[in-house]
Amino acid sequence: MITDSRADISVEVRTIIANTLGVPVENIQESSAITELSQDSIQLFELLLAFERAYTTEVSYEDVAKLNTVNDIIAYVHSVRSIH
Amino acid sequence: MQSYANPTPTLALPVSWHYSFIANHDSITPEILSPQERTLYLTKTSSRQVDFLRGRAAAKRAVAYYLKQSYNVTVLPYECEILADPWGALSVTITNTDLQNITPPHVSISHTSDRGASAGVADPRVHSQIGVDMEEIRMFKPETVREFLNEHELKFLTQQPCSQENFWCTLFWTLKEGVLKAEGCGLRKHPRSVNVLPYITRRDRPHKNMTGHWTVVHDDIILSIILKTLS
């Protein structure tokens with residue numbers, strides 16, 4: 001079910017990161033830079049792809065790639081859903 | 001006592017590059033980092049601190065080499081400040097007030113797992129940018145390969161022996177990331193949009209303003225250096 005709640009989007013986004021990077025979701029802070037969360041550039045690329053796949057109709061690779069922090073991604077998805 | 005080892009395999013290229021491997025990192029940070037870099041260093045996790053220090057050490061050696069060759073001046077590591085934007089685009093500042101007239105070179109840094117770091121510099125007087133990427137030869141997820149290679153690169157890959165797939169995928173990645181770093185955008189631009197097959201097949205240049213590329217393979221490490229001339 002698609003949700004518009006910012007809190008739920010935060011859980012969604014942090015779960016995508018946790019599943020892609022193989023780290024506990026509770027270790028992912030909203031203030032974290034996504035370049036710091038990933039171990040290397042290949043893992044960062046895979047994370048960007050994971051967001052593109054998860055939000056197929058809402059987010060493109062280039063949209064999410066210009067964002068810096070977990071909070072930026074949450075805010076972006078939230079704003080896109082608010083418009084729709 | 002110098003507490004970091006550096007094989008310093010400087011090549012006879014229009015760019016210079018250096019490789020570093022550092023041990024006992026905490027004790028040498030004041031020798032290598034500027035005060036602002038040290039503040040950044042202290043905000044990072046332990047493994048990131050090692051990457052940061054290795055990368056800066058390699059880059060500062062490359063910058064010092066360039067400045068010595070070009071201007072016959074000596075710059076100490078902590079006098080060369082290298083700062084990054086959130087996506088890793090680097091800028092170099094020489095903090096020694098006696099050297100303010102010198103235009104510092106462009107620099108690119110890459111590091112891989114626990115194998116050290118490499119950095120390259122390009123002469124800003126010839127209006128060039130540089131991108132360096134170094135990776136350990138590794139296995140890629142098939143879905144990742146399908147995303148970062150374009151149709152022609154995928155076809156090329158299928159024509160290679162299966163035993164060489166990891167090598168070719170890693171080489172493609174280092175070339176693509178090198179190009180994206182030289183363009184100053186990094187992974188903000190999709191790697192699939194960069195066609196590096198001509199680099200490998202040597203038919204022509206992938207981009208009209210790309211003036212050179214070099215790839216070094218050592219043991220299980222691939223290092224690609226891309227030089228781009230600005231129009």
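The structure under discussion appears in the preceding block.
Every value quoted in this text rests on a predicted model; they were computed, and no experiment measured them. Here the residue index of a chain counts from 1 through its sequence in written order. Note on labels: chains are lettered from A, ligands numbered from 1, in written order. At least 70 in pLDDT is required for a residue's local features to be given in this predicted model, at least 80 for side-chain atom pairs to be given and counted, and no such filter applies to totals for whole chains, interfaces and linings, which use all residues. As a rule here, side-chain values come from all non-hydrogen atoms in the structure, and water together with hydrogens is ignored.

1. A closer look at the pairing of strand 6 (residues 117–122) of chain B
Residue and element names in this part refer to chain B.
Piece 1. Extensive coverage of strand 6 is indicated by the burial of 6 of its 6 residues.
Piece 2. Burial along strand 6 is two-sided: the residues Ala117, Ala119 and Val121 and Ser118, Gly120 and Ala122 are all buried.
Piece 3. DSSP bridges decide pairing: two strands pair if at least two such bridges lie between them. Helix numbers and strand numbers start at the N terminus; a helix is a DSSP run of H or I with at least 4 residues, a strand a run of E with at least 2. Sheet topology places strand 5 (residues 106–111) next to strand 6; 6 bridges connect them, and they run antiparallel. For histidine 111, the partnering residue across the bridge sits in strand 6 and is alanine 117. Buried residues are those whose accessible area, probed at 1.4 Å on protein chains only, stays under 20% of the maximum for their type, while exposed residues exceed 50% and partly exposed ones sit between those limits.

2. Some details on the pattern of salt bridges
Residue and element names in this part refer to chain A.
Piece 1. Salt bridge, as applied in this entry: a Lys or Arg side-chain nitrogen positioned within 4 Å of an Asp or Glu carboxyl oxygen. According to the stated counting rule, one finds 11 salt bridges over all chains in the structure shown.
Piece 2. Here arginine 6 ties to glutamate 30 by a salt bridge, and the two come within 3.1 Å at their closest N and O atoms. Here arginine 6, found in helix 1 (residues 6–21), pairs with glutamate 30, found in the loop between helix 1 and helix 2 (34–37); they are 24 residues apart in sequence, far enough to count as distant.
Piece 3. Under the relative-accessibility criterion, arginine 6 is labelled partly exposed at 31%.
Piece 4. With a relative accessible area of 26%, glutamate 30 lands in the partly exposed category.
Piece 5. The residue glutamate 58 makes a salt bridge to arginine 81 at a minimum N-O spacing of 2.8 Å. Here the residue glutamate 58 occupies a position in the loop between helix 3 (41–54) and helix 4 (61–65), and arginine 81 occupies one in helix 5 (residues 70–83), the gap between them amounting to 23 residues.

3. Points about the interface of chain A and chain B
Piece 1. If you look at the interface, chain A gives 21 residues, while chain B gives 19 residues.
Piece 2. Scanning the region where chain A abuts chain B turns up 3 salt bridges.
Piece 3. Note that glutamate 46 of chain A is salt-bridged to lysine 141 of chain B, the shortest N-O span being 3.7 Å.
Piece 4. Polar contacts, as counted here, are pairs of nitrogen or oxygen atoms within 3.5 Å of one another; within protein the pair requires one atom able to donate a hydrogen and one able to accept it, and residues that are adjacent in sequence qualify only if both atoms are side-chain atoms. Inspection of the chain A/chain B interface yields 10 residue pairs in polar contact (both at pLDDT 80 or more).
Piece 5. Residue assignment for the side of chain A that touches chain B shows that the elements contributing at least two residues are helix 2, helix 3 and helix 4 of chain A. Note on contacts: a residue pair is in contact if any heavy atoms of the two residues lie within 4.5 Å.

4. Some details on the nonpolar core
Piece 1. Among the nonpolar cores identified, the biggest contains 50 residues, and Val13 and Phe51 of chain A are the most heavily contacted of them.
Piece 2. Residues grouped as a nonpolar core are buried Ala, Val, Leu, Ile, Met, Phe, Trp, Tyr and Cys residues, joined through side-chain atoms within 4.5 Å. Ala62, Tyr66, Val73 and Ile82 of chain B belong to the second-largest nonpolar core, a separate cluster that totals 18 residues.

5. Let's talk about the packing of aromatic side chains
Residue and element names in this part refer to chain B.
Piece 1. Whether two aromatic rings pair depends on their centres lying within 6.5 Å, for rings of Phe, Tyr and Trp, where Trp uses its six-membered ring; planes under 30 degrees apart make the pair stacked, over 60 edge-to-face, and the rest tilted. Scanning the entire structure with this criterion turns up 10 aromatic pairs over all chains.
Piece 2. Relative to phenylalanine 52, the ring of tyrosine 41 has its centre 6.4 Å away and its plane inclined at 45 degrees; by these criteria the two rings are tilted. In this pair, tyrosine 41 is assigned in helix 2 (residues 35–42) and phenylalanine 52 in helix 3 (residues 46–71), connecting sequence segments 11 residues apart.
Piece 3. By relative accessible area, which is 1% here, tyrosine 41 ends up buried.
Piece 4. Taking the centre distance of 5.9 Å and the plane angle of 90 degrees together, the rings of phenylalanine 156 and phenylalanine 172 count as edge-to-face. Of this pair, phenylalanine 156 sits in helix 5 (residues 151–158) while phenylalanine 172 sits in helix 6 (residues 165–182); the two residues are 16 residues apart in sequence, bridging distant segments of the chain. For the pair shown, phenylalanine 156 and phenylalanine 172 are each scored as buried.
Piece 5. Over the aromatic face of phenylalanine 140 sits the side chain of arginine 138, whose NZ or CZ is 5.3 Å from the ring centroid. Two limits define a charge over a ring: the Lys NZ or Arg CZ must be within 6 Å of the ring centre, and within 35 degrees of the ring normal.

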